Amino acid sequence: MQVMDGKRFERCVNFKGLPCIDFGKGYVVFDPSSLKKATFPDLSWTTRKEDIEALATQGFRFRERLPDYEAPTDEIHLTFILTTDCNLGCKYCYTDSKREKLRLSADLARRIAEAHVPAGYAGSVFVQLFGGEPTLNFETIQAITEAVEARSAKPFFYITTNGVMRTDVLEYLLAHRYGFYLSLDGVREFNDLNRVTLSGGGTYELVEKTLDQVLVRKAPLKVRSTITRSTVGGMERFAEAMFRRGVKLLQFTPVVPIGRNAGDDPVDDAFHDAYLDGLMNSIDLARVYGASILTPLSLALKRAPKPYCKIFHDDTKVLVTPEGRRTLCYGVQGDFNRNSDRFLYGEFDAEDGQFRVDGAVKERILQAYHHLTDSHCDHCFAQFLCNGGCLAENLEANGRMDELNRSFCSLKRKEAYLLLERVLT
Ligand code: SF4
Ligand code: SF4
């Protein structure tokens, strides 16, 4: 891959919030929010006031640091981690669901939903269900769905699922217009390497049945694929197979070395380069089939810059653990995770129907975030895509939230370069 050989991405910079990219024929300065771009032979323009002013007049938005995130005022976001239990035994899973099976009770979930969605609410309510495997807690799915439907005219329900569920549960989700984030890692021979049942059998056929139903009923769908060293060679084949079936949105994520199998599937530069090859080839295929691959860049264009993880910046995003507590991280749910305490934010007070939050927890996380981004990301051309990345991964990699996960950072810089190259050249 050219970018890996020439290391041109290492010469790219961030000038007052905008990426300046060396594509080998000069530098392109790009404003992702306005899509404006201009080319210069080198970086000397960044020292000339008149050039900077001319670009600003054309609509380039320069800034000294990433603006504070502005939370929407007419939306409610509720995410429930319904259980740590799972009916599969995927080899890379971070939840360690076999050790402890926690479930959010239907009654508590209903009370939390009612406490956060005022009766007759006119704005949009986004409800995300997450696990473990959330469909294992059907009683609580029903309680949340019915509570939110009764109070809001504009509910949007989404479920992140492994796709292995009872027929009546699937029917219920389809009938209540759920959107599906469905996990499938490749065509059968690749998927079944990692995504296995508790007894070790393949899961492709089981998920395929759900996929077909979701497609036939035209429910909103994103297929999510976790890529490991053993499946990275099958990305394009899988993308094509999904697009042929009618899937319009696919997201690849390289495996994160966190959790009970952190050491089993090494994540190194060679793996990342193979992942990026597969990603870029799959983007080409998506164009042929009129489909899309969801990437950090597709989420960033024509929008105000946002932090990688919005939950620390937006108190209207409520994330509930299976114990009914409020947390500030999706990735460390449950008492089994050694880092879960660092993100626990509050307990639900059933009497007055509110979470009692501990502001010091959020303050500590935000301090780490600012320290990290001030010291590393304010000068990085990929800042508008990641800005420090996932603090839970940093913690796992370094024992600190405010130190970069070098492996993630290196991947993000290469990925940003390749994605920008497609848009800008
Ligand atoms: S810190 Fe990382 S795992 Fe936790 S919510 Fe943010 S992005 Fe997700
Ligand atoms: S984490 Fe790395 S790639 Fe991301 S903005 Fe910071 S320095 Fe750049």
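Here is what the cut-offs are and how they apply
- Residues numbered from 1 in each chain as written.
- Chains lettered and ligands numbered in written order.
- Predicted model: local features only at pLDDT ≥ 70, side-chain atom pairs only at ≥ 80, totals over all residues.
- Heavy atoms only, no water.
- Helix = DSSP H or I, 4+ residues; strand = E, 2+ residues; numbered from the N terminus.
- Buried < 20%, exposed > 50% of the residue type's maximum accessible area, 1.4 Å probe, protein only.
- Near = heavy atom within 4 Å.
- Nonpolar A, V, L, I, M, F, W, Y, C, P; charged D, E, K, R; others polar.
- Core = buried A, V, L, I, M, F, W, Y, C linked by side-chain atoms within 4.5 Å.
- Contact = heavy atoms within 4.5 Å.
- Axes fitted to C-alpha atoms, helices over the stretch in contact; angles between N-to-C directions.
- Parallel < 35°, antiparallel > 145°, perpendicular 65-115°, else oblique.
- Left-handed = near helix turned anticlockwise from the far one by under 90°.
- Pairing = 2+ DSSP bridges.

J.: Help me get a handle on the environment of Gly 234, residues and values and all.
T.: Tracing the backbone shows Gly 234 in the loop between strand S9 (221–227) and helix H8 (235–245). When its relative accessible area of 4% is taken as the criterion, Gly 234 is described as buried. Taking the C-alpha atoms as reference, Gly 234 lies 22 Å from Leu 88; in sequence the two are 146 residues apart.

J.: Would you mind going over the site of ligand 1 in detail, with residue names and values included?
T.: As a structural note, the neighbourhood of ligand 1 is formed by Tyr 308, Cys 309, Phe 312, Cys 329, Tyr 330, Gly 331, Cys 390, Leu 391 and Ala 392. Taken together, the residues that form the shell around ligand 1 break down as 8 nonpolar, 1 polar and no charged.

J.: Before we move on, can you summarise the nonpolar core with the specific residues and values?
T.: Judged by nonpolar contacts, the single largest core of 91 residues is most densely connected at Phe 80, Phe 180 and Phe 252. The element that contributes the greatest number of residues to this core is helix H9 (residues 269–289), accounting for 8 residues. Phe 252 has contacts with Ser 225, Ile 227, Met 235, Phe 238, Ala 239, Tyr 275, Leu 279, Ser 282 and Ile 293, leaving out every residue within four places of it along the chain. Ile 311, Val 361, Leu 391 and Leu 404 belong to the second-largest nonpolar core, a separate cluster that totals 24 residues.

J.: Outline the packing of helix H3 (residues 106–116) against helix H4 (residues 138–151), supporting the account with residue identities and numerical values.
T.: One can describe the packing of H3 onto H4 by two numbers: an axis separation of 8 Å at closest approach and a directional angle of 20°. Judged by the inter-axis angle, H3 sits roughly parallel to H4. As H3 packs across H4, the resulting crossing turns out to be right-handed. Residues Ala 106, Ala 109, Arg 110, Ala 113 and Glu 114 of H3 touch H4, and the partners they reach there are Glu 139, Thr 140, Ala 143, Ile 144, Ala 147, Val 148 and Arg 151.

J.: Tell me about the sheet that holds strand S4 (residues 36–40), residues and numbers included.
T.: Pairing in this open sheet of 4 strands is antiparallel, and the strands run S1-S2-S3-S4 from one edge to the other. Edge positions in the sheet fall to strand S1 (13–15) and S4, since each has one partner strand and no second. Along the sheet, successive strands turn relative to each other by an average axial angle of 25°, direction set aside. Strand direction decides the pairing type here: S1 and strand S2 (residues 18–22), joined by 3 bridges, are antiparallel. When the bridges of S2 are listed, Asn 14 appears paired with Pro 19. Here helix H13 (residues 406–424) sits on the sheet and contacts S2, strand S3 (27–31) and S4; the angle it forms with S2, its principal contact strand, is near 85°.

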